[in-house]
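Coordinate analysis (summary)
Here is how the chains run, residue by residue.
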Amino acid sequence: MMWYESAGRDNDVAVSSRVRLARNLTDYPFGSLLNDASAKEIIERVKNVFEGVGDYTFTDYSDLEEIERKAAVEKHKVSAEFASSKKPRALIESERKQVYIMTPEEDHIRIQSILAGFSLEEALSRAREADETIDGALNVAYNDKLGYLTHCPTNLGTGMRASVMLFLPALTISGGIRALSAQLGKIGLTIRGMSGEGSSADGCLYQVSNQITLGISEEEIVSKLSKITESIIEKERNLRQKIKSADNGRFEDRVMRSYGVMMYATMIDTNEMMRLYADVRLGAALGIIDGASLSELDKMMVRGMAANLTCENKEIKTPEERDRARAELIRRILSGAE
Amino acid sequence: MLCERCKKNEATVFYKETINGKTKSYSLCAECAAEAEKAGDIETPHMDAFFSSPSIGGIDSLFGSLFSVPHYAKRALSEGNAETKKCSLCGSAFGDLVKRGKVGCPKCYEVFADELDATIREIHGTTTHTGSAPKRFKHDRELKQKIKNLEAELKEAIKDENYERAAEIRDEVKALKEKEEN
């Protein structure tokens, strides 16, 4: 199961939670200096560690078609860098634990756990479990002063990046993102739009994450990010209520129009899908729409992206065919057939 | 020792420079050192001597935005002798790290510890890890912490003139330190 296939806590605002741990082996140069032979050696060593552990499976990404690699990026399973790399590389994943291990990426091993909703503690505990499996079997690069050693000094110490993907339409509309960004910067956190600057066309999705990884423990990172996330969630909810009650039904009209397009349009491109997603998701969160659940909308958003759509419908050749397939998928999901 | 300029105050600044193989050294008081610095006779290192904007003539554009280059490394780079010290595992010189904006391998963090210190501090505001550790280091960390705690206890015991307890703790610390060395 993937994060977009289940409903998590506080998912009216928090879409998903992720914890990533960067790890390296002592005897090899870091990612960009790694030759193919060493990369293969590392893959083999990490693969052996997870052989027979839980439901972990192994996929050689060097063999995978480009469209499948891109689809994995859209699902947030792997990084764009990993997907487009020319080097030998593999993904070791546990579907049950929702843990994805890229090897090698920029660092030799990147463990990530992504869960639905607001669930940072659980994501940390699952990523840690995989980390402990590696720790027992391989010599991980670490020094007492700097902690886990990483290719980029920005990841030193814990090697950990924790993030929450937040759906913030009300903060976007009210222009509050910039102020939020400035505030977060002061306390070692950062916010970025999932696809460029925050216009409503990008689905109003943002990622808030820790910037500092050294001199702070894993638990402290999670607790700091959680506290801030809670206050962002509260702020977003308050603003939504204000928007809902303030504009004499115009907001409700906009939501219902978008819902109508989703239900009946026959061709929808990615930009339009994201715009509709934002409107209808907000409508569903506020109880204006009851025909679409939040997790159905998230599923629609991921599976409706270009690479995923093409993977599911191999016969697609033209952009028009893709837009038609997207409209069909959206209708199927909304009617409960998917 | 008295300041060699004014010969009145106690010397607190000791300065040594090597230019073209000739070494000069001064022992100065704070006042005379400040004057000498103003006059350009000496150049004393300051806390802010670490350059925050990495720009070294000629190779500016190649620099990763991440790396701030300490002034001594900067001089070495501009004189072209940054290639002298190389990492034994990946073969990188410090200049390569700067050009790349990333560190070459785990060993580089030992080899270029001094050079990287300023950059790491700038990014994280500290250079000391406080999070979790691999198993093989966990034991060491716990041992170190235990010794630290006992040493604090020892100080207390001595302060309280509890010499019997102090002797016990001292033996315990000694045993743990031997264990640590092994």
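Residues numbered from 1 in each chain as written. Chains lettered and ligands numbered in written order. Predicted model: local features only at pLDDT ≥ 70, side-chain atom pairs only at ≥ 80, totals over all residues. Heavy atoms only, no water.

Before going further, it helps to spend a moment on the sheet that holds strand β8 (residues 160–167) of chain A. Residues and elements named next belong to chain A. Sheet architecture is open: eight strands sit in the order β2-β3-β4-β5-β1-β8-β10-β9, paired in antiparallel fashion. Unpaired on one side and paired on the other, β2 (57–60) and β9 (189–193) mark the two borders of the sheet. Averaged over all adjacent pairs, the angle separating strand axes in this sheet is 20 degrees, with direction ignored. Bridge count between strand β1 (residues 14–23) and strand β5 (residues 109–116): eight bridges; the pairing is antiparallel. Note on β5: the bridge partner recorded for Arg23 is Ile109. Sheet strands in contact with helix α7 (residues 218–246) are β1, β8, β9 and β10 (205–210), and its direction is about 10 degrees off that of β8. (Pairing = 2+ DSSP bridges. Helix = DSSP H or I, 4+ residues; strand = E, 2+ residues; numbered from the N terminus. Axes fitted to C-alpha atoms, helices over the stretch in contact; angles between N-to-C directions. Contact = heavy atoms within 4.5 Å.)

Another aspect to go through is the pattern of salt bridges. Inspection of the entire model under this criterion finds 29 salt bridges over all chains. Here Glu236(A) makes a salt bridge to Arg240(A), at a shortest N to O gap of 2.7 Å. Note that Glu236(A) and Arg240(A) are positioned in helix α7 at a spacing of four residues, about one turn of the helix. Accessibility expressed as a relative area gives 0% for Glu236(A), which makes it buried. A salt bridge links Asp253(A) to Arg257(A); its shortest N-O distance comes to 2.8 Å. Here Asp253(A) and its partner Arg257(A) are both found in helix α8 (residues 250–264), four residues apart, which amounts to about one turn of the helix. It is possible to trace a salt-bridge network through shared partners that takes in Glu105(A), Glu106(A), Asp107(A), Arg110(A) and Lys102(B). (Salt bridge = Lys/Arg side-chain N within 4 Å of Asp/Glu carboxyl O. Buried < 20%, exposed > 50% of the residue type's maximum accessible area, 1.4 Å probe, protein only.)

Right, let's talk about the environment of Arg20(A) for a bit. Residues and elements named next belong to chain A. Relative to the helices and strands, Arg20 resides in strand β1. Residues Arg20 and Tyr100 lie 80 residues apart in sequence; the distance between their C-alpha atoms is 9.4 Å. Contacts of Arg20, omitting those with residues within four sequence positions, involve Arg110, Ile111, Gln112, Asn155, Gly159, Met160 and Arg161. A distance of 3.2 Å separates a polar side-chain atom of Arg20 from the backbone oxygen of Gly159. (Polar contact = N/O pair within 3.5 Å; in protein donor to acceptor, adjacent residues only side chain to side chain.)

All names here are of chain A. Axis separation between α8 and helix α12 (residues 319–334) bottoms out at 7 Å; the angle between their running directions is 105 degrees. Relative to α12, the element α8 lies roughly perpendicular. In this structure, α8 contributes Tyr259, Met262, Met263 and Tyr264 to the contact, and α12 contributes Ile330, Arg331 and Leu334. Partitioning the contact of α8 with α12 into residue classes produces six nonpolar, no polar and one charged. (Parallel < 35°, antiparallel > 145°, perpendicular 65-115°, else oblique. Nonpolar A, V, L, I, M, F, W, Y, C, P; charged D, E, K, R; others polar.)

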